[in-house]
Every structure is written in structure tokens, then in C-alpha cells.
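Structural description and commentary
The residues making up each chain are set out below.
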Amino acid sequence: QVQLVESGGGLVQAGDSLRLSCAASGRTFSSYAMGWFRQAPGKEREFVAAITWTGGATHYTDSVKGRFFISRDNYKSTMYLQMNSLKPEDTAVYYCAARETGWGIGDYDYWGQGTQVTVSS
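Residues numbered from 1 in each chain as written. Predicted model: local features only at pLDDT ≥ 70, side-chain atom pairs only at ≥ 80, totals over all residues. Heavy atoms only, no water.

**Regarding the pattern of salt bridges**
As enumerated under the stated definition, the model contains five salt bridges in all. Here R27 ties to E100 by a salt bridge, and the two come within 3.5 Å at their closest N and O atoms. Of this pair, R27 sits in the loop between strand 3 (18–26) and strand 4 (33–39) while E100 is found in the loop between strand 9 (92–99) and strand 10 (110–111), placing the two residues 73 residues apart along the sequence. For R27, a relative accessible area of 41% puts it in the partly exposed group. Given a relative accessible area of 32%, E100 falls into the partly exposed group. (Salt bridge = Lys/Arg side-chain N within 4 Å of Asp/Glu carboxyl O. Helix = DSSP H or I, 4+ residues; strand = E, 2+ residues; numbered from the N terminus. Buried < 20%, exposed > 50% of the residue type's maximum accessible area, 1.4 Å probe, protein only.)

See the structure below:
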């Protein structure tokens, strides 16, 4: 099993940047493909970005392509989400997740508690 803790959220203005972190503990971090999701008020949780075990491949939802960048440091057991050019519609609770087999937009096995990101206009 793996435990996940997100950090780095906050209140920013439109156009600003934030970097979220997801610290993992427990089983070897490099055993898991990882992803970021978000849930805005009144909406369902949605996929944001995913990264393979080595970081060699990534995938993004269309609305964040070119603005958000997912990465991981397996030595530090940490995953990151660099968010640039933030928009009010990016406001949500952001969750990191780990997947034991395969990688992609769904079927994640473990979840963090989330970190709030609020973007003011």
C-alpha cells in the first residue's frame, strides 16, 4: 500500500503559477503510475494529468495542455504538478492518486486527501 499527501495549494490570481506536490510513503513509489485529479464545487472529479512509473510518458486533459506539467522524483517519492497561467476555472480541490497496474486516466487504487486551489479573477 501507499499513502499520499498533497501540498502546495492556495489562493492565487488569474495568470499566476502554483506547484503542487504529492508525497508518498509506504511501498516503493516507483512501483506506481501516478495521476492528478480535481473536483470543482458542484462537479464530478475529473482527470487532470498522468505519468508513468519512470516519468517517461505523460498525458493531460485538453483544458490544461501547455499550462500544467506533471513530473515525479522517484528518489524523493514525490510527484509534482506545475500549474502555470492559472484560470478561475482551475479552481478545485486537487487530488493525487496512485495506480498499481497500467497507467492512464482512470482505475486508480490509492488517493490523497486533496489540496485546495483557488484562482481569483
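**Some words on the sheet that holds strand 3**
Taken together, the four strands give an open sheet; going across it, the order is 1-3-8-7, and neighbouring strands pair in antiparallel fashion. A strand with exactly one partner marks an edge of an open sheet, and here the two such strands are strand 1 (2–7) and strand 7 (68–73). The average angle at which neighbouring strand axes cross in this sheet is 15°, direction not considered. In this structure, strand 1 lies alongside strand 3, joined through six bridges in antiparallel fashion. Residue pairing for strand 3: L4 is matched across the bridge by A24. (Pairing = 2+ DSSP bridges. Axes fitted to C-alpha atoms, helices over the stretch in contact; angles between N-to-C directions.)

**Details of the side chain of R99**
As for its placement among the helices and strands, R99 is situated in strand 9. For the buried R99, no salt bridge is present, and the opposite-charge side chain at shortest range is D107, 4.3 Å distant. A polar contact is formed between the side chain of R99 and the backbone oxygen of T101, at a distance of 2.7 Å. Not counting chain neighbours up to four residues away, the residues in contact with R99 comprise S31, Y32, A33, G104, I105, G106, D107, Y108 and D109. (Lys, Arg positive; Asp, Glu negative; His and termini not counted. Polar contact = N/O pair within 3.5 Å; in protein donor to acceptor, adjacent residues only side chain to side chain. Contact = heavy atoms within 4.5 Å.)

**Focus: the nonpolar core**
Ranked by internal contacts, the top residues of the largest apolar core, which has 30 residues, are L4, M34, W36, M79, L81, M83 and Y94. Apart from residues no more than four positions distant in its own chain, M83 is found in contact with D16, S17, L18, L20, R67, F68, Y94 and V117. (Core = buried A, V, L, I, M, F, W, Y, C linked by side-chain atoms within 4.5 Å.)

**Some points on unusual backbone geometry**
Unlike most non-glycine residues, S77 shows phi in positive territory, near 55°. Locating S77 in the fold gives a position in the loop between strand 7 and strand 8 (78–83). At S85, a position not held by glycine, the phi torsion is positive, near 50°.

**Quick notes on the environment of V93**
Along the chain, V93 falls in strand 9. Along the primary structure V93 and P41 are separated by 52 residues, whereas in three dimensions their C-alpha atoms are 8.5 Å apart. Beyond its immediate sequence surroundings of up to four residues, V93 is in contact with F37, R38, Q39, G114, T115 and Q116.

**Digging into the state of the cysteines**
Taken as a whole, this structure holds one disulfide when the rule is applied. What pairs with C22 in a disulfide is C96, and their sulfur atoms sit 2.1 Å apart. Disulfide C22-C96: torsion about the S-S bond near 60°, hence right-handed. Taken as a pair, C22 in strand 3 and C96 in strand 9 lie far apart in primary sequence, 74 residues in all. (Disulfide = S-S within 2.5 Å.)

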